[in-house]
Amino acid sequence: METTNQTILQPTKSKERINSLDVIRGVALLGILLMNINGMGLPFAYMDPTISGGAEGLNLKAWIMTNMLFEGTMRGLFTLLFGAGVILLTSRLERSGAGIKTADIYYRRLLWLLIFGIINAYVFLWHGDILFHYAVFGLMLFPFRNTPSKKLIIGGLVLISLGVVWTYSEYRDTLKIKKEGLEAASLKKANDSLTSKQTAALGKWEKLNTKMPQEKIDEQIAEMRNPSYWSIFSYKAKHYSERQGWFLYRFDLWDVFSYMLLGMAFFNLRIFHGEKSFKYYGVMAIIGYGIGLSVNYYETSQLIKSSFDPIVTSKTFITYDLGRLFTTLGHVGFIMLFIKSGILGFLQKSLAAVGRMALTNYLVHSIIVAFIFLGFGFSLYGQLERHQLYYIVFAIWIAQLIYSPIWLKYFRYGPFEWLWRSLTYKQKQPFRIEAKQPLTVKATES
């Protein structure tokens, strides 16, 4: 009986895969690099292009385009698919009669993903790793696998709303800092003595209202271009602990876990399967882009007009989740229309291959970019303008769109996917695709 279970409990076979999920995952994976490249190659420039990388001409246009269309939405797509994957995995295992072993496989899979995230952050030196965060919140999803779609959607929207409330509270705090700081500054200008509380208020306001000092920018560039791997590791390790701690619960609880719940609901509703009508996906795209891009345009224009004033920046965070959510829904509708249309079949095939190798391709991003920007490689950190970063992105896109389908022609999985599955099932998985033996027909005498 044990032998039978071992035979049944195997990773998803190629013929069981849902192609549309792979295509969307491929789009999201490539799109994530479009956003991550800013944090990988420039200091402190992700949210404010005036700090480094250039904020005029092509550089400003590049920031506007990515902020309008891709900021948070590629991560949103990827997170929706992660939630969908929970249902896909657990339902397949339960249908095969895995029973309690479903939980065993599920949690072992996520714990190994968590380790991959730690490796990505501490070995491959990408401080913006998302695998660790997916693993942490994925551990919470198992009890929700049989929850009705309506409740999953309500739960996801409630979490997003709670995040917005917290963000609004922080905006109110910035207004208070500004008010008290300006009052203290006025008293100081009039040569009045300041109390310790007023001095502290003035210090908070000056810190909030001051752009990143050039010496701080130069310091980070110097640290990233240090030829010593261990020196860079030591410098970056300080940021990892914050991102894997406080940041996880301040932002990712509302950002990641909410979208995982929505992704589970979307899978149950068959939205990702391509089974809805063209009209359904068209309406989804129109409404999503109509609301999402309107909100994003408002935020983007306010930031540019204010020269990225900290108060205005804090205010735009309040509507960020609204714009992000609807633009992400617009992307889902648009991509599903693309898939259902069948156009550019060669591109869809390549995107699906990129999606099937998402873990490998994601980690490859970190490895390649580390050698391009950090000191033990080509040491280009802080040396390129914003728009020049995208030449690197496009080159990596083209490479992955080419090699992913070629790789999968000869291998069942990407190398990291193979390792992940082997660790998850505690059994070495077949890797190469065996060549089909030609059929031989024996001649017969008439």
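The rules behind the values
- Sequence positions are assigned chain by chain, starting from 1 and proceeding in written order.
- Predicted model: local features are reported for residues with pLDDT of at least 70 only, side-chain atom pairs are reported and counted for 80 or more only, and whole-chain, interface and lining totals are derived from all residues.
- Note that water and hydrogens are dropped before the side-chain values are worked out from all heavy atoms of the structure.
- A run of DSSP states H or I qualifies as a helix once it reaches four residues; a run of E qualifies as a strand once it reaches two. Both are numbered from the N-terminal end.
- With the radius of gyration taken over C-alpha atoms, the globule rule is written as 2.2 Å times the number of residues to the power 0.38.
- Partly exposed describes any residue whose relative accessible area lies between the buried limit of under 20% and the exposed limit of over 50%, with all areas from a 1.4 Å probe on protein chains only and scaled to the type maximum.
- A contact between two residues is defined here by any heavy atoms of the two lying within 4.5 Å.
- Note that accessible areas follow from Shrake-Rupley with a 1.4 Å probe, and for residues the cover is restricted to the protein chains shown.
- Counted charges follow a simple rule, with Lys and Arg positive, Asp and Glu negative, and His plus the chain ends left uncounted.
- Throughout, a charge is located at the NZ atom of Lys, the CZ atom of Arg, the CG atom of Asp or the CD atom of Glu.
- Here a salt bridge means any side-chain nitrogen of Lys or Arg lying within 4 Å of a carboxyl oxygen belonging to Asp or Glu.
- The definition of a polar contact used here is a pair of N or O atoms within 3.5 Å, where within protein one atom must be able to donate a hydrogen and the other to accept one, and adjacent residues in sequence count solely through side-chain atom pairs.
- Angles here are taken between N-to-C directions and fall from 0 to 180 degrees, while the axes themselves are lines fitted to C-alpha atoms, restricted in helices to the stretch in contact.
- Under this scheme an angle from 65 to 115 degrees is roughly perpendicular, one under 35 degrees roughly parallel, and one over 145 degrees roughly antiparallel; angles in between are oblique.
- When the near helix sits turned anticlockwise from the far one by under a right angle, the crossing is termed left-handed; a clockwise turn instead gives a right-handed crossing.
- Amino acids are sorted into nonpolar (Ala, Val, Leu, Ile, Met, Phe, Trp, Tyr, Cys and Pro), charged (Asp, Glu, Lys and Arg) and polar (every other residue, Gly among them).
- Every helix has an expected span of 1.5 Å times one less than the residues it contains.
- Throughout, bend refers to the angle between the axes fitted to the seven residues that end at a position and the seven residues that start at it.
- Aromatic pairs are defined between Phe, Tyr and Trp rings, using the six-membered ring for Trp, whenever the two ring centres lie within 6.5 Å; interplanar angles under 30 degrees are classed as stacked, those over 60 as edge-to-face, and all others as tilted.
- Either the NZ atom of lysine or the CZ atom of arginine qualifies as a charge over a ring when it sits within 6 Å of the ring centre and within 35 degrees of the ring normal.
- The term nonpolar core refers to a set of buried residues drawn from Ala, Val, Leu, Ile, Met, Phe, Trp, Tyr and Cys, joined through side-chain atoms within 4.5 Å.
- For every residue, the predictor assigns a confidence score, pLDDT, that lies between 0 and 100.
- Patch definition: residues with relative accessible area over 30% and no salt bridge; like charges joined within 9 Å; nonpolar side chains (Val, Leu, Ile, Met, Phe, Trp, Tyr) joined within 5 Å.

Colleague: I keep staring at the overall build of the protein chain and nothing clicks. Help me out?
Modeller: Check the secondary structure of the protein chain and you find 17 helices and 0 strands. Relative to the globule expectation of 22 Å for 446 residues, the C-alpha radius of gyration of the protein chain, 25 Å, shows essentially globular dimensions. Dimensions of the protein chain, computed from C-alpha atoms along their principal axes, come out at roughly 115 × 50 × 45 Å. Here the protein chain holds 446 residues, and 48% of them are scored as buried. Across the protein chain, every contact between residues at least 6 apart in sequence was considered, and the portion connecting residues at least 24 apart equals 80%. Total accessible area computed for the protein chain in this model is approximately 22,200 Å², and 65% of it derives from carbon and sulfur atoms. Taken as two groups, the 48 positive and 30 negative side-chain charges of the protein chain have centres that lie 9 Å from each other.

Colleague: Help me understand the side chain of Lys236, please; the structure alone is not making it clear to me.
Modeller: Mapped onto the secondary structure, Lys236 falls in helix H10 (residues 229-243). Buried within the structure, Lys236 lacks any salt-bridge partner; Glu223 is the closest side chain of opposite charge, at an N-O distance of 11 Å. Side-chain polar atoms of Lys236 contact the backbone oxygen of Leu125, separated by 3.0 Å. When neighbours within four sequence positions are excluded, Lys236 is seen to be in contact with Leu125, His127, Met224 and Leu374.

Colleague: I tried to follow the packing of helix H2 (residues 19-41) against helix H13 (residues 310-341) on my own but got confused; where do I start?
Modeller: A packed helix pair is summarised by two numbers, namely the angle formed by the two axes and the spacing between the axes. Viewed as axis vectors pointing N to C, H2 and H13 meet at an angle of 130°, and their least axial separation amounts to 10 Å. Here H13 runs oblique to H2, going by the angle between their axes. Crossing hand, H2 versus H13: right-handed. Taking contact as the criterion, the partners of Ser20, Val23, Ile24 and Val27 in H2 are, on H13, Ile335, Met336 and Ile339. Residues that form the contact of H2 with H13 fall into these classes: 6 nonpolar, 1 polar and no charged.

Colleague: What is the right way to look at helix H11 (residues 246-268) in this model?
Modeller: With 23 residues, H11 should cover 33 Å at 1.5 Å per step; its first-to-last C-alpha distance of 32 Å lies within 8% of that length. At Asp252, H11 shows its largest bend, some 70°. H11 sits mainly inside the fold: 17 of its 23 residues count as buried. Positioned one or two residues after H11, Arg270 has a phi angle of 70°, which is positive.

Colleague: Can you help me understand the packing of aromatic side chains in this one?
Modeller: The geometry of an aromatic ring pair comes down to the distance between the two centres and the angle between the two planes. On inspection of all chains with the given rule, the structure shows 24 aromatic pairs. Between the NZ or CZ atom of Arg145 and the centre of the ring of Phe142, over which it lies, the distance is 3.9 Å. Above the plane of the ring of Tyr280 lies Lys276, whose end atom (NZ or CZ) is 5.3 Å from the centre.

Colleague: Please explain the nonpolar core as it appears in this structure.
Modeller: Judged by nonpolar contacts, the single largest core of 105 residues is most densely connected at Ile37, Leu113, Leu141, Phe272 and Phe373. In this structure Leu141 touches Phe82, Val86, Tyr106, Phe257, Met260, Leu261 and Met264, once residues within four positions along its chain are discounted.

Colleague: I keep staring at the pattern of salt bridges and nothing clicks. Help me out?
Modeller: Pairs can form between side chains of opposite charge whenever their charged atoms are close. Going through the model one piece at a time under the given rule, you end up with 9 salt bridges. Put simply, Arg25 and Asp22 hold a salt bridge, and the shortest N to O gap is 3.0 Å. Pair noted here: Arg25 and Asp22 are both in helix H2, with a separation of 3 residues, about one helical turn. Taken as a pair, Arg25 and Asp22 share a single burial class, namely buried. Ionic pairing is found between Glu275 and Arg270, a salt bridge with its closest N-O pair at 2.7 Å. Arg270 gets classed as partly exposed once you look at its relative accessible area, which sits at 35%. The network of salt bridges with shared partners includes Arg75, Asp255 and Arg324.

Colleague: Which parts of the structure should I look at to understand the environment of Glu299?
Modeller: One can find Glu299 in helix H12 (residues 278-305). On a C-alpha basis, the gap between Glu299 and Met68 in space is 8.8 Å, while along the polypeptide they are 231 residues apart. Ignoring sequence-local partners within four residues, the contact set of Glu299 consists of Thr316, Thr319 and Tyr320.

Colleague: Explain the environment of Asp255 here, please?
Modeller: One can find Asp255 in helix H11. Considered as a pair, Asp255 and Gly72 are 183 residues apart in the sequence and their alpha carbons are 9.0 Å apart. A polar contact is formed between the side chain of Asp255 and the side chain of Arg75, at a distance of 2.7 Å.

Colleague: Sorry, what's going on with the confidence of the model for the protein chain here?
Modeller: It should be kept in mind that the predicted coordinates are not to be read in detail where pLDDT is low. Looking at the protein chain as a whole, its pLDDT mean stands at 91, while 94% of the residues score no less than 70. This stretch, residues 1-7, has a pLDDT under 50; its non-local contacts, to residues over four places away or in other chains, come to 4 contacts. Across residues 439-446, where pLDDT falls below 50, the model places 0 contacts with residues more than four positions away in sequence or in other chains.

Colleague: How should I be thinking about the packing of helix H7 (residues 149-189) against H13 in this particular structure?
Modeller: Axis separation between H7 and H13 bottoms out at 8 Å; the angle between their running directions is 170°. Classified by the angle between their axes, H7 and H13 sit roughly antiparallel to one another. Together, Leu157, Ile160, Val164, Thr167, Tyr168, Glu170, Tyr171, Thr174, Leu175 and Lys178 of H7 and Ile311, Ser314, Lys315, Phe317, Ile318, Asp321 and Leu325 of H13 make up the contact between the two elements. Its residues placed into classes, the contact of H7 with H13 shows 10 nonpolar, 3 polar and 4 charged.

Colleague: Explain a nonpolar patch on the surface to me, please; I cannot follow it from the model alone.
Modeller: Judged by side-chain polarity, Val283, Ile287, Ile291 and Leu322 come together as a nonpolar surface patch covering roughly 310 Å² of accessible area. Ranked by the residues each element gives to the nonpolar patch, the list is headed by H12, at 3 residues. When you line up the elements, Ile291 lands in helix H12. The partly exposed category is assigned to Ile291, whose relative accessible area is 34%.

Colleague: Can you help me understand unusual backbone geometry in this one?
Modeller: Note: most peptide bonds trans; most residues except glycine with negative phi. The phi torsion at Phe308 lies on the positive side, around 60°, for a residue other than glycine. Within the secondary structure layout, Phe308 lies in the loop between H12 and H13. Owing to a relative accessible area of 8%, Phe308 belongs among the buried residues under this scheme. Positive phi, close to 55°, is recorded for Ser379, a residue that is not glycine.

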